[in-house]
Amino acid sequence: LEPALLALKEAGVSADGAFAPSYKTSDRFVIPMAAATPFEAATLAAPFSCALTGVNQVRLRPDDKTVVLGGGTMGLMYAHALSLKGIRGTIVDISSERLKLTEQAAPYGWNVAGSFEKARFQFNHGRCDVVVDTTSVMLEKTLPCINRGARIVLVGRCNGGAQIKPAELADKSISLISSIVRIGT
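Residues numbered from 1 in each chain as written. Predicted model: local features only at pLDDT ≥ 70, side-chain atom pairs only at ≥ 80, totals over all residues. Heavy atoms only, no water.

Another aspect to go through is helix H3 (residues 45-57). Taking 1.5 Å per residue, 13 residues should reach 18 Å; H3 reaches 18 Å between its end C-alpha atoms and fits that length. All of the buried residues in H3 are Cys50, Ala51, Gly54 and Val55. For H3, the angular spread of the buried residues around the axis is 130°, confining them to a single face. In this structure, the buried residues of H3 make contact with helix H4 (73-84). (Helix = DSSP H or I, 4+ residues; strand = E, 2+ residues; numbered from the N terminus. Expected span 1.5 Å × (residues − 1). Buried < 20%, exposed > 50% of the residue type's maximum accessible area, 1.4 Å probe, protein only. Arc of directions from axis to C-beta. Contact = heavy atoms within 4.5 Å.)

Below you can see the structure in the form of structure tokens.
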């Protein structure tokens with residue numbers, strides 16, 4: 001992409017990234033890795049930086065009732081990044097096969113559940129403080145189930161939509177947080 005077009009899109013997210021057949025960038029965006037770094041580990045560097053960015057933007061408290069929606073790569077990365085901050089919670093996935101894998105890969109002290117409803121009813125009053133949505137389809141369903149001052153991290157990149165009421169977000173002091181690493185950061 002031309003630099004003017006690239007400024008409007010996020011490389012690797014809304015525009016082809018480093019796994020495209022060709023990719024042109026400046027050297028300031030290239031971070032050398034040790035030659036011994038396995039390819040599989042190197043491929044996870046950019047997604048994990050998104051998870052760390054998202055977690056670092058959230059005002060976390062040790063008693064936060066936390067749910068990660070989606071038990072795939074990004075959901076597990078978020079759960080592990082949150083666990084490094086001392087947070088425990090529940091990872092949700094509706095796929096029974098993925099849920100089995102999630103159970104094996106979840107951080108110590110984390111639970112897994114097959115639905116958002118099962119996850120949230122583990123908490124008093126069935127309400128959450130932190131929700132990480134890696135699915136991009138759960139925003140509307142989570143809004144009625146969160147506490148005042150809740151934080152919702154939006155990670156998923158599907159082109160879905162959601163109807164939200166800005167006044168409701170303001171009245172309940174709800175924060176919506178994006179976790180995609182911006183170009184130049």
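More follows now that the structure is in view.
Spatially, E3-E2-E1-E4-E5-E6 is the arrangement adopted by the six strands of the open sheet, whose pairing is parallel. Single-partner strands in this sheet number two, and they are strand E3 (111-113) and strand E6 (175-178). Recorded for the sheet is a direction-independent mean angle of 20° between the axes of neighbouring strands. As paired elements, strand E4 (residues 128-133) and strand E5 (residues 146-154) share five bridges and run parallel to each other. (Pairing = 2+ DSSP bridges. Axes fitted to C-alpha atoms, helices over the stretch in contact; angles between N-to-C directions.)

Applying the stated criterion across every chain, the model contains four salt bridges. The salt bridge involving lysine 172 is made with glutamate 168; its shortest N-O contact spans 3.5 Å. Sharing partners across several salt bridges, the network here consists of Arg61, Asp64 and Arg151. (Salt bridge = Lys/Arg side-chain N within 4 Å of Asp/Glu carboxyl O.)

So, on to the nonpolar core. Core analysis: the biggest nonpolar cluster contains 19 residues, and Val68, Tyr78, Leu82, Ile91, Trp110, Val132 and Val153 have the highest contact counts within it. Elements supplying a minimum of two residues to this core: H3, H4 and E4. If sequence neighbours within four positions are ignored, valine 153 has contacts with Val58, Tyr78, Val131, Val132, Asp133, Ile177 and Ser179. (Core = buried A, V, L, I, M, F, W, Y, C linked by side-chain atoms within 4.5 Å.)

Attention now moves to the packing of H3 against H4. Close contact between H3 and H4 brings their axes to 9 Å; oriented N to C, the two are set at 50°. The orientation of H3 with respect to H4, classified from their angle, is oblique. Considering only the axes of H3 and H4, their crossing is right-handed. Contacts from Pro47, Phe48, Cys50, Ala51, Leu52, Gly54 and Val55 of H3 reach H4 at Met74, Met77, Tyr78, Ala81 and Leu82. In terms of residue class, the contact of H3 with H4 is made up of eleven nonpolar, one polar and no charged. (Parallel < 35°, antiparallel > 145°, perpendicular 65-115°, else oblique. Left-handed = near helix turned anticlockwise from the far one by under 90°. Nonpolar A, V, L, I, M, F, W, Y, C, P; charged D, E, K, R; others polar.)

Trans is the common state for peptide bonds, and a negative phi is the common state for residues other than glycine. In this structure, serine 136 is a non-glycine residue whose phi angle is positive, near 65°. Topologically, serine 136 is positioned in the loop between E4 and helix H7 (139-142). Residue classification places serine 136 among the buried positions, given a relative accessible area of 18%. Backbone geometry at serine 173 places phi at a positive 55°, although glycine is not the residue there. Residue position: serine 173 is located in the loop between helix H8 (166-171) and E6. Here serine 173 falls in the partly exposed class, since its relative accessible area comes to 49%.

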